[in-house]
Each structure stands twice: as structure tokens, then as C-alpha cells.
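Chain and residue survey
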Amino acid sequence: MFDKRNRFRAEAEARGVPSADVDRWLGAARPCATLASRGDGPVVGRFGGPVALPTDVPELPEQMHLVATLDLGALPADAMGLPLPSDGLLLLFARLHLDDVPGGASGRVVYVPAGMPVEERSVGHGYEAAELRLAYDFSLPDNEVIIDPVAHPHAGELRQAWSEVRQQDWRLLGGSHLQVDGYSTDPYGEDDPITASALLAARRAGEPASGRADPWERPRSEDWALLAQWHGVGLVDGDVYWTIARKDVAARRFDRAAVLGFFEGPG
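Residues numbered from 1 in each chain as written. Predicted model: local features only at pLDDT ≥ 70, side-chain atom pairs only at ≥ 80, totals over all residues. Heavy atoms only, no water.

**Details of helix α2 (residues 19-26)**
Listed in full, the buried residues belonging to α2 are V22, W25 and L26. Along the long axis of α2, the arc covered by the buried residues comes to 100 degrees, so they all point the same way. (Buried < 20%, exposed > 50% of the residue type's maximum accessible area, 1.4 Å probe, protein only. Helix = DSSP H or I, 4+ residues; strand = E, 2+ residues; numbered from the N terminus. Arc of directions from axis to C-beta.)

What follows is the structure, given as C-alpha cells:
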């Protein structure tokens, strides 16, 4: 990660950003885990099935697929900031809605505690099958709506520098990958799926929306977070986001997670 920070610093300073501003931007860095099939890190999950769920979990809607299964016992707590359970499995389901549903995707998150009886279900198991290997990583803000341009006059150059470093790493990963925790990203960097999820949840509950979380402030329990982002979706060019309130992670209420998608078109 130190190499990545140094590469980001070099890219930013090459664009004329003062060192103090680079330091301040790095102060907003958040840990995340990058999970991909390439690499030499430990296996912490897999893309695809089989789909084994507790007996009390209702049948899933048609065309909803299991994208990935995370082995929480193998996923180190220090790789992320979210207080995920220390054991059991986390199953990430999604259905892509390329044209007909606002938000682009729907889905579920199912937590299966270690030792809980399960039964195999006849559910589609994703768009690819492969091991997921862990790489410790970090992310930086790259969503226009959460950045104050007055407070950060070099935000444009800093975001360009981060985009260049991020793309370099993504090319090395090849294919699709998952990011657990950290900031969300999209090809345009305008809106923020995490913020959008918080606004939708408040609207559905008939409650006033809380202000957008400042990247430079300590996260609050009521703030929403990125549980996982699937980048490089198998059949289309885009991303799927599983988001959740931090307090719901602590309470193990993964049934309250939201799923959004962003797609640019056929792959």
C-alpha cells in the first residue's frame, strides 16, 4: 500500500498539487479489501456457487444470481473498517436491470453464521466461477457530490491522479473483482451510490435525510457504507454496489442492505 500511496503522490505532484494538499487528501484514505482471482493472497471467498442458505431464508426472486460468497473467517478484520462478523459466510446476490428499474440492479445480502444448518438451493450462481484472493488496499474519495471544491481547490487534479493509479491496478487484476469497504467509484465520478442509498432509505422510512458524510470526518454509526462493489460485471460494462448502514453491520442486519447498479452498455 505504501507503493500505491507513493504512486498517487507522484501523480498528484506531477499535476502541480502542493505536497500539503496531497497529505490532506491522503488523510481521507479508508482501508478496503480488493478480492480478485489473480494475485498471491489468501483465498477468502469465491465468485459463483453453490448456493447454500439457511432453511428460514425465503426463496429468491427469479433471475437473481449469487455473485460472490465471502468467508468472513478468512477475511482479516484489519483489512477493512467495517465491523464484519469474524466467522460465517456472507452471500452477495444481484439481479441486473439494464433498462426497466431505476437503480440498475436489485439484490440481497445473506449472512450465514458458522455452524448454521443450510440447504442447497437451485439458484443461478453468478456470471463466473473463481476463487477470490485478498489484497490489502485503500481507497480515496472520487465522487463529486461528497467533495467541497472550495475547501479542496485541487480536487480535480487529485481525483485525476487517483484515477490514473486506480486504473493501473485494475489493469493488473484483469477481469472483474470485488472491493469490500472503502469509497464507491463509478466511471463518471459524479454521484455516490452510498449517499444515494442513504437518501432512498430515509425517504422510504419517512425520515429526514442526514447530511452527506464528510470523508475527512470520523464515520458515524448512522452513516451508510460500501459493503462491496463488483467492478467489471461479467455481461456488461459496469458496477454493482451493495451498501448498508454501519449500525446495521454492527447489528448483523444484512437484510437491510441496498443494491444499486451502474452500467454503460453491453460488454
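**Considering the packing of aromatic side chains**
Within the structure shown, the criterion is met by six aromatic pairs. Note on W25 and W216: the rings are 5.2 Å apart at their centroids and 65 degrees apart in plane angle, and the pair reads as edge-to-face. Linking W25 in helix α2 with W216 in the loop between α4 (193-205) and β10 (224-231), this pair joins segments that are 191 residues apart in sequence. The class of W25 is buried, set by a relative accessible area of 1%. Relative to F254, the ring of Y111 lies with its centre 5.8 Å away and its plane at 55 degrees, an arrangement referred to as tilted. One end of the pair, Y111, is in strand β6 (residues 105-112); the other, F254, is in the loop between α5 (246-250) and β12 (258-266), with 143 residues separating them in the sequence. Looking at Y111, the relative accessible area reads 18%, which means it is buried. Classification of F254 as buried rests on a relative accessible area of 2%. An aromatic cluster of at least three residues, connected via ring pairs, comprises F8, F138 and W162. The cationic tip of K4 hangs over the ring face of F138; the distance from NZ or CZ to the ring centre is 5.7 Å. (Phe/Tyr/Trp six-rings, centres within 6.5 Å; stacked < 30°, edge-to-face > 60°. Lys NZ or Arg CZ within 6 Å of the ring centre and 35° of its normal.)

**Things to note about the pattern of salt bridges**
Counted according to the given criterion, the structure contains 16 salt bridges. In this structure, R166 engages D142 in a salt bridge whose closest nitrogen and oxygen atoms are separated by 3.1 Å. One end of the pair, R166, is in helix α3 (residues 155-173); the other, D142, is in the loop between β8 (130-139) and α3, with 24 residues separating them in the sequence. In this structure, R256 and D248 form a salt bridge, with 3.0 Å as the shortest nitrogen-oxygen distance. For R256, a relative accessible area of 43% translates into the label partly exposed. A relative accessible area of 7% means that D248 is categorised as buried. Connected via shared salt-bridge partners are D3, K4, R7, D137 and D169. (Salt bridge = Lys/Arg side-chain N within 4 Å of Asp/Glu carboxyl O.)

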